[in-house]
Each structure stands twice: as C-alpha cells, then as structure tokens.
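Each chain, written out:
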Amino acid sequence: MRITTDIHCLIEKKFDSVQYFQSGQHVYSEGEPSDGVYYIVEGKIKILKSGLNKQVTMWFCYPNEFIGIVPFFLNAETHDSTAVVTGATAKLIYISRKDFTDLMISYPDVQKEIVNELSKKISLTEMRITSSNQHSLKVRFIEAVAFLAEQEQDYGDQREKPETRTQLKLTVDNLSEISGISRKYLEKMLAKFEKKDLLHVESEDRVVIHDLNKFLSFK
Amino acid sequence: MNDILIPPCEECKNKNKLFCGLTPDHKRHFSKNKGRNLFKKGQVIYYEGNYPNGLFCIFQGKVKISKIGLEGKEQIIKFAGAGETLGYRALMNDEPYNATATAMEDCYICHLSKNAFMGTLETTNRLSLNMIELLSKDLKDSERKLINITQKPVRDRVAEALLILKKQFGFKEDGKTLNATLTRREIGEIAGITTETAIRTLSDFNKEKVIKLEDKQIVILDLSKLAYMANMDPDDPDL
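Residues numbered from 1 in each chain as written. Chains lettered and ligands numbered in written order. Predicted model: local features only at pLDDT ≥ 70, side-chain atom pairs only at ≥ 80, totals over all residues. Heavy atoms only, no water.

**Quick word on the overall build of chain A**
The number of helices and strands found in chain A is 8 helices and 9 strands. In chain A, which comprises 219 residues, the share counted as buried stands at 51%. Summarising the internal contacts of chain A: among those between residues at least 6 apart in sequence, 72% fall at separations of at least 24. A total of about 9,900 Å² of accessible surface is found on chain A, and carbon and sulfur atoms cover 48% of it. (Helix = DSSP H or I, 4+ residues; strand = E, 2+ residues; numbered from the N terminus. Buried < 20%, exposed > 50% of the residue type's maximum accessible area, 1.4 Å probe, protein only. Contact = heavy atoms within 4.5 Å. Areas by Shrake-Rupley, 256 points an atom, 1.4 Å probe, with all protein chains shown as cover.)

See below:
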C-alpha cells in the first residue's frame, strides 16, 4: 500500500505499539485470533496460505503497507493467512481494530489506498490463476517475474537502478514460490535465460534481470 | 428499454452488499442517474481492456466474468447474479476492465453513472467501507481459487466447480438440480481444464452416482460426497 508520507508520519506518531520481528519469525499465523492489523515500517513480509499439502506464497508486503486487513474487513475472528518476516529484521506497528476503524474514518485517503491495494492484489491473483492454468512454464516464469516486479517496483534495490535500465533483483526461492515451478526445473530455465544474456544468477539470493522490459517482452 | 420493470433503487428488494446501509436519499440519487438495460443471452456487457463509465448492477439474470489467456483460451473468473455489482474495480482505479462480462441468460441490468457513484463515494464512509469489504471478499475468493488450481487434482477441481455453481445460483425448486445451465466447456473453464477432461470427469461422477447428467442440467445426488471430493467442508458457510 502506498501510504502518503503525511499518513505514514501520523501512524508513527499516533501509535506507539512498535514491534520488532526477526527474519523467519511469524507476525501472525493462519487460524490465530485476529484483533487488529499491522503496519509495516521497515522490512519485508511474506504472506502464506495453507493449501492441500503445502503452504502457498501469496504476497510479499513492504514498508507503508498494512497486513492482516482482510479478516478485519470480513469481520473474521481469525487470520486467514500466515505472515513471516523475510530478509532483515522488520519493524511493525500494531493497530487495534478500533484504532484502525478510527484511522480510516478520519483519513479517507487511507480507504482509497486500501481500495487500490486490494484491487491490485485481486488483479495479480487473477493473472496468476490464468497463468497457472493456461500458460507454458516459460510464460509462467516470465509472468512470475512481472508479478514480483509489480510488487517491488517502489522499493529497496529498485531505487538504485539507473534511469535508462529497469533492473530487478530476485531470489530463486521467490521465483519458484510464485511461479509454482519446481526449483530444479527453474534452475534449468534460469540457465537458458542467462545464456541469452537476459538475466544473471549471481547467487541463490540474487537473480538480476538486466532489462525488465526486454525480459517481459519474451512472453 | 423503458418497458423493463426495474424498480427505483430505493424500492429494489435485491440484497446488494455495496449499497447496504445507504440512506434512501443516496438510493434516490442513484436512481436518477442510472440507465436500465436488457442484455440478451450471450451478449457482452463489457469487454476486457475497455474503460468503464459507470457501475453495472444486476437486477435479474446471471453473468459470467472471464479472462482470455495468451492462446485465446477463456478462464471463468467468477459468476454474478441478482443484486451483485460489476466493474467496480476498474471504476475505482480508473483503469480498463481486466475481464469480460457476458450475459449467461437474458439479464436486466442497471448502469449507474460514474459521476453519481464516485461523487457519493467521496462523501459517504459507509459506501467506501462496503466497497473495501467487497474487495476483501473478492481477494479471499481469488486466493482460494489460485491455491485450488495450483494444488488440487482434476477431480477435486470439477467437484469444486459444481459447488461454486451451487453456491452462486442455488438449486431449482426440486432442491437438487443446479439453477444454472452451463456447457461442458464452461465447466472446464471454471475448473481450469480442457472441455474433454470436463466431459470425462462429469461422466465419471455420473457413473459414481454423485451427480446425474440430464442434457444440459446437472442434478446433485450426493452433496456431501461432492464436498468430500472437493476437499471442502459441506457445512462451510461459503458453500
């Protein structure tokens, strides 16, 4: 969610319930009571949902985003997903249901941002449904990159990019989780794309797409 | 289409989650700013890629929302029926529709102007919060669908497709025939499988006496078994 600087400052000032979570730590787990939402100040959070036999990565959430809002709006008593810190330590602010309601009513911009963010997530999920269902593994892989690029566009490493290049840095795990392609097959695919000089696998934690637009055009 | 007997919004008996809790004045305002349309079976209500200039609200009839994949194959995203609104995501975000809406039968649909809706939204917290609730539900549904498509085997997906139809459209008066007529291709498009696989799987269900195929009608003979096959709880309120 792209909360404006004013509202970000307001949230930091108004709510003092700051909590720190280490990498790998759960912020909340699926089925646990949901009595409020979290606002991400720093760090990256992975949202997982239970499937039949394994958990599925749904989203990566970044600073200025609220997490845990779906149970809030559906008036559910428990979380419908698990939130895990990925990467460095995360700094989050806990906001109770009542305070979050007051915040939204007092600041309609918060509502607008929530609408935008939910809409975007629905569109991306629908894209993944169509992709999983109908497209070849190559296209699914490219669409997974597009999905991660869309999610990360305003954050972290992307700010380092030179104006003329649209670089994207990813991990093999993230790509595998989002595309639903096994790591083994994905590694073969990465090697093929690397031969074509479309990306560079620096390490498991760092796949660099040199030119995102050119890469996406391979679909 | 002045001869269609669609009542003003303030008198409409359909349950509409988006307009729930709005005052009669709001609804009167919407009534003054809406058009009433008949869409014949198969007619497209809006196309993926076009920009919205208002909000559609179904008074009567069934609509399918679908996306076209890279190779032109259709994927049904969801269905909508009386009292449901269409095209709100594109309208809210001022972006093109990301799917196509098609009438599955003759449909009576109101079209509320963009200005009337957005103007009310700006000043009405209730409407804005209803919208967020609707989007939250949509997100939850689409996430569930994604998990199913990526993890469930074909039989489970077909069973779930039938349960989705039951949830969306209910049964006919006999209490067991699905109140929607769909082709095998469309059932395949919901489950994300080919038409041939849909035909084969439905035929298997028919042999196993879980369902009974009567021309284009599907009779659910054993709902609990169907729910079990779909790996779903038959008492799930979402079913």
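**A word on the interface of chain A and chain B**
By convention, interface size is frequently given as the accessible area that disappears when the constituent parts associate. In this complex, chain A contributes 36 residues to the contact, which on the side of chain B involves 40 residues. Summed over both sides, the interface between chain A and chain B buries roughly 3,500 Å², with carbon and sulfur atoms accounting for 64% of that surface. At the surface where chain A touches chain B, the tally comes to 3 salt bridges. Put simply, Arg89 of chain B and Glu126 of chain A hold a salt bridge, and the shortest N to O gap is 3.0 Å. Taken together, chain A and chain B are joined by 9 residue pairs in polar contact (both at pLDDT 80 or more). Secondary-structure elements contributing two or more residues to the side of chain A that touches chain B are β3 (36-50), β4 (55-61), α2 (69-73), α3 (97-106) and α4 (108-134) of chain A. It is α4 of chain A that provides the largest number of residues to the side of chain A that touches chain B, a total of 18 residues. (Buried area = accessible area lost by both parts, 1.4 Å probe. Salt bridge = Lys/Arg side-chain N within 4 Å of Asp/Glu carboxyl O. Polar contact = N/O pair within 3.5 Å; in protein donor to acceptor, adjacent residues only side chain to side chain.)

**Things to note about the domain arrangement of chain A**
Residues and elements named next belong to chain A. You can read the domains of chain A as domain 1 (5-126) and domain 2 (135-216). A C-alpha centroid distance of 25 Å is found between domain 1 and domain 2. Across the contact, 10 residues belong to domain 1 and 10 residues belong to domain 2. When domain 1 packs against domain 2, close to 1,000 Å² is buried across both sides, 54% of that on carbon and sulfur atoms. When the buried area of domain 1 at its contact with domain 2 is split by residue, Phe60, Tyr62 and Leu124 rank highest and sum to 51% of it. One can count 0 salt bridges joining domain 1 with domain 2. (Domains from an automatic or database assignment.)

**Structural notes on the pairing of strand β9 (residues 211-214) of chain B**
Pairing of β9 of chain B with strand β10 (residues 217-220) of chain B, which is carried by 4 bridges, proceeds in the antiparallel orientation. Each bridged residue has a counterpart across the sheet, and for Leu213 of chain B the counterpart in β10 of chain B is Ile218 of chain B. (Pairing = 2+ DSSP bridges.)

**Here we look at the domain arrangement of chain B**
Residue and element names in this part refer to chain B. Along its sequence, chain B is carved into domain 1 (9-148) and domain 2 (152-229). Between the C-alpha centres of domain 1 and domain 2 there is a distance of 26 Å. Facing the 16 residues of domain 1 at the interface are 16 residues of domain 2. Buried area between domain 1 and domain 2, summed over both chains or domains, comes out near 1,300 Å², and the portion from carbon and sulfur atoms is 49%. Among the residues domain 1 hides against domain 2, the three largest losses belong to Lys62, Phe79 and Asn148. Together they make up 44% of the total. Seen at the junction of domain 1 and domain 2, the total is 3 salt bridges. The partner of Lys64 in a salt bridge is Glu186, with the nearest N and O atoms 3.1 Å apart. Put simply, the parts of the chain that give the side of domain 1 that touches domain 2 at least two residues each are β5 (74-80) and α4 (125-151). Class assignment of the residues belonging to the side of domain 1 that touches domain 2 gives a composition of 5 nonpolar, 3 polar and 8 charged. (Nonpolar A, V, L, I, M, F, W, Y, C, P; charged D, E, K, R; others polar.)

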